[in-house]
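Listed below, chain by chain, are the residues.
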Amino acid sequence: MSSEVSARRDAKKLVRSPSGLRMVPEHRAFGSPFGLEEPQWVPDKECRRCMQCDAKFDFLTRKHHCRRCGKCFCTKCCSQKVPLRRMCFVDPVRQCAECALVSHKEAEFYDKQLKVLLSGATFLVTFGNSEKSETMICRLSNNQRYLFLDGDSHYEIEIAHISTVQILTEGFPPGGGNARATGMFLQYMVPGTEGVTQLKLTAAEDANVGRRQAVAWLVAMHKAAKLLYESRDQ
């Protein structure tokens, strides 16, 4: 990929919306697949009462719109200002209690898992039904739109074209607990072709730092897939 194309993919601009300042991609086509569009606000004329506690709006009971769902609430039911990175807001924005809880949970992905995905990890990669595997570094692109695989060859998989993400596990640790993640199975569409392509990522067997990084990357990718499916269902 040329540096010019890469810079174009990652370019951002600051815009002001009714909900606040947002740092969005310069070109809409290069937006994060994990992002959410701003909701349409419920019109003021349709909001006579709080949509949570049913309090009637008047001069003392003010009306507020949740920046995540767009519904109307009183100050008591919409008092939290929480980061909403999936909509690219620069500052924390007002959200209802239900939406604030979801945004708090998503913050862990942006604070922890996203950094793991961007850093990358090393896997044995098997394409399709091939019996040969190649050692490759897998990482998420800076604009979060592509999965890069680098080894003797280079591949780019558009995140939005991934249709299936399945964690591969084996066994259970002594004394109970969760099964151990060993790899991941992906299915994705290749533009201009019919059907789906598949690949398998397998973590190294040794118990060194590289394996721990690979397992952390697998867990982070599984979380990313959940956000991706939520964005599609929006």
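Residues numbered from 1 in each chain as written. Predicted model: local features only at pLDDT ≥ 70, side-chain atom pairs only at ≥ 80, totals over all residues. Heavy atoms only, no water.

Naming follows an unreviewed UniProt entry, where the protein chain appears as Zinc finger FYVE domain-containing protein 21 isoform 2 of Callithrix jacchus.

**Student:** Which residues make up the nonpolar core, and what are the values?
**Tutor:** Grouped together as the largest cluster of nonpolar side chains are 33 residues, with contacts concentrated most on Phe34, Phe123, Leu149, Leu201 and Trp217. Counting residues per element, the ones that place at least two in this core are α2 (97–119), β7 (121–127), β8 (134–140), β9 (146–150), β11 (162–170), β12 (180–188), β13 (197–202) and α3 (209–232). Ranked by residue count, the leading element in this core is α3, at 9 residues. Residues from two domains meet in this core; each of domain 1 (8–111) and domain 2 (120–170 + 182–229) gives at least three. With near-sequence residues (within four places) excluded, Leu149 lies in contact with Val125, Phe127, Met136, Ile137, Cys138, His154, Tyr155, Ile157, Leu199 and Leu201. (Core = buried A, V, L, I, M, F, W, Y, C linked by side-chain atoms within 4.5 Å. Buried < 20%, exposed > 50% of the residue type's maximum accessible area, 1.4 Å probe, protein only. Helix = DSSP H or I, 4+ residues; strand = E, 2+ residues; numbered from the N terminus. Domains from an automatic or database assignment. Contact = heavy atoms within 4.5 Å.)

**Student:** Outline a nonpolar patch on the surface, supporting the account with residue identities and numerical values.
**Tutor:** A grouping of Leu14, Met23 and Val90 is seen on the molecular surface, where their side chains present a nonpolar patch of about 260 Å² in accessible area. Looking at the element boundaries, Leu14 is found in strand β1 (residues 12–17). (Patch = residues over 30% accessible without salt bridge, like charges linked within 9 Å, V, L, I, M, F, W, Y side chains within 5 Å. Areas by Shrake-Rupley, 256 points an atom, 1.4 Å probe, with all protein chains shown as cover. Salt bridge = Lys/Arg side-chain N within 4 Å of Asp/Glu carboxyl O.)

**Student:** Could you give an account of the packing of aromatic side chains, naming the residues involved and the relevant values?
**Tutor:** As enumerated under the stated definition, the model contains 5 aromatic pairs in all. On the basis of an interplanar angle of 70° and a centroid distance of 5.6 Å, the ring pair of Phe34 and Phe109 is categorised as edge-to-face. Of the two residues, Phe34 is situated in the loop between β2 (20–25) and β3 (64–65) and Phe109 in helix α2; the sequence distance between them amounts to 75 residues. In this structure, Phe34 and Phe109 share a single accessibility class: buried. Taken together, a centroid distance of 6.4 Å and an interplanar angle of 20° make the contact between Tyr146 and Phe148 stacked. An aromatic cluster of at least three residues, connected via ring pairs, comprises Phe34, Phe109 and Tyr110. (Phe/Tyr/Trp six-rings, centres within 6.5 Å; stacked < 30°, edge-to-face > 60°.)

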